[in-house]
Amino acid sequence: AYDFEQAKDSGRTGWTTGSLSNVFTSDLLPGFTLSTTHQLWSGPVGYQSSHFSPFLSSVSTRFSLSGSTLAHLLALFTGHAEGTPPAQPPRTAQPPPPGGPEGQPGAPPPPTAGLGRTDEIAARSAGGGRGLMMSFTYDDQRVRPAADTLPQPQGNRTLGVTMSFSPSPNWQVSWNTQYNFTKGEFGQHVLRLTRDLRRWRATFDFLKSPNGNFAFNFNIVLLDESDIKFNYDQQTVGNP
């Protein structure tokens, strides 16, 4: 924006826009967003003492990954439609297996035939859980260097990760953490385990802060009546 009346004042330029922001999105990754902000002037906007000097002051991005996302990207780069396997060469006719009535094939073996006990259990439970889901957030806040300021101001760069999956139909696991690149240390860790007990639901929470303090929480609640529940909490406070 430009103010023509302001430009008539002594020492002023008329410019009133001090920053420029852009947002980029893409359907290749679910929830992908990239945001950038540039400071346009080396000083206060609208003054002749400030020079036009774009400076990247902020970068922020978010996106998610899952098994279906990876399959979509693989299909995009290989040229095959998602969910459609590549064409296979035709198979030659095979004689029917023995064991059935004359002129008819025998019954096919069960899906778990030939598997050991452990493999059979794994085969029956396959697909019962939920696949891995991961989401990432990255934020980079920068401060324009000042020639007459010592020490120079520092920005802040952080990476947030959230991961969740279900190893079985009754178990859910989630983990959330944040890493600070500026300080070179992890932030708070949050680990949650949820167990479905048909009529009841049990939740285990473990939280750890950067200074070493941690908290543990156990909660079990009746799904039909949430007032019927049991809570257990334990916390420790260490030296900062």
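This write-up is about the structure you can find in this document.

1. Remarks on a nonpolar patch on the surface
In step 1: A grouping of Y2, F4 and W15 is seen on the molecular surface, where their side chains present a nonpolar patch of about 350 Å² in accessible area.
In step 2: In this structure, W15 sits in the loop between α1 (4-7) and β1 (19-26).
In step 3: For W15, a relative accessible area of 39% corresponds to the partly exposed category.

2. So, the pattern of salt bridges
In step 1: The final tally for this structure, using the stated rule, is 5 salt bridges.
In step 2: The partner of D205 in a salt bridge is R192, with the nearest N and O atoms 2.6 Å apart. With a gap of 13 residues between them, D205 in strand β9 (residues 200-208) and R192 in strand β8 (residues 189-197) connect regions that are remote in the sequence.

3. Considerations on the environment of D3
In step 1: For D3, the position within the fold is in the segment before α1.
In step 2: Along the chain, D3 and G46 lie 43 residues apart, while their C-alpha atoms are 9.0 Å from each other.
In step 3: Apart from residues no more than four positions distant in its own chain, D3 is found in contact with G14 and T16.
In step 4: Of the polar contacts made by the side chain of D3, one reaches the backbone nitrogen of Q6; its length is 3.1 Å.

4. Some words on unusual backbone geometry
Note: most residues except glycine have negative phi, and most peptide bonds are trans.
In step 1: Although it is not a glycine, R198 adopts a positive phi angle of roughly 65°.
In step 2: Along the chain, R198 turns up in the loop between β8 and β9.
In step 3: Using a relative accessible area of 74% as the deciding quantity, one classes R198 as exposed.

What counts as what
Residues numbered from 1 in each chain as written. Predicted model: local features only at pLDDT ≥ 70, side-chain atom pairs only at ≥ 80, totals over all residues. Heavy atoms only, no water. Patch = residues over 30% accessible without salt bridge, like charges linked within 9 Å, V, L, I, M, F, W, Y side chains within 5 Å. Areas by Shrake-Rupley, 256 points an atom, 1.4 Å probe, with all protein chains shown as cover. Salt bridge = Lys/Arg side-chain N within 4 Å of Asp/Glu carboxyl O. Helix = DSSP H or I, 4+ residues; strand = E, 2+ residues; numbered from the N terminus. Buried < 20%, exposed > 50% of the residue type's maximum accessible area, 1.4 Å probe, protein only. Contact = heavy atoms within 4.5 Å. Polar contact = N/O pair within 3.5 Å; in protein donor to acceptor, adjacent residues only side chain to side chain.

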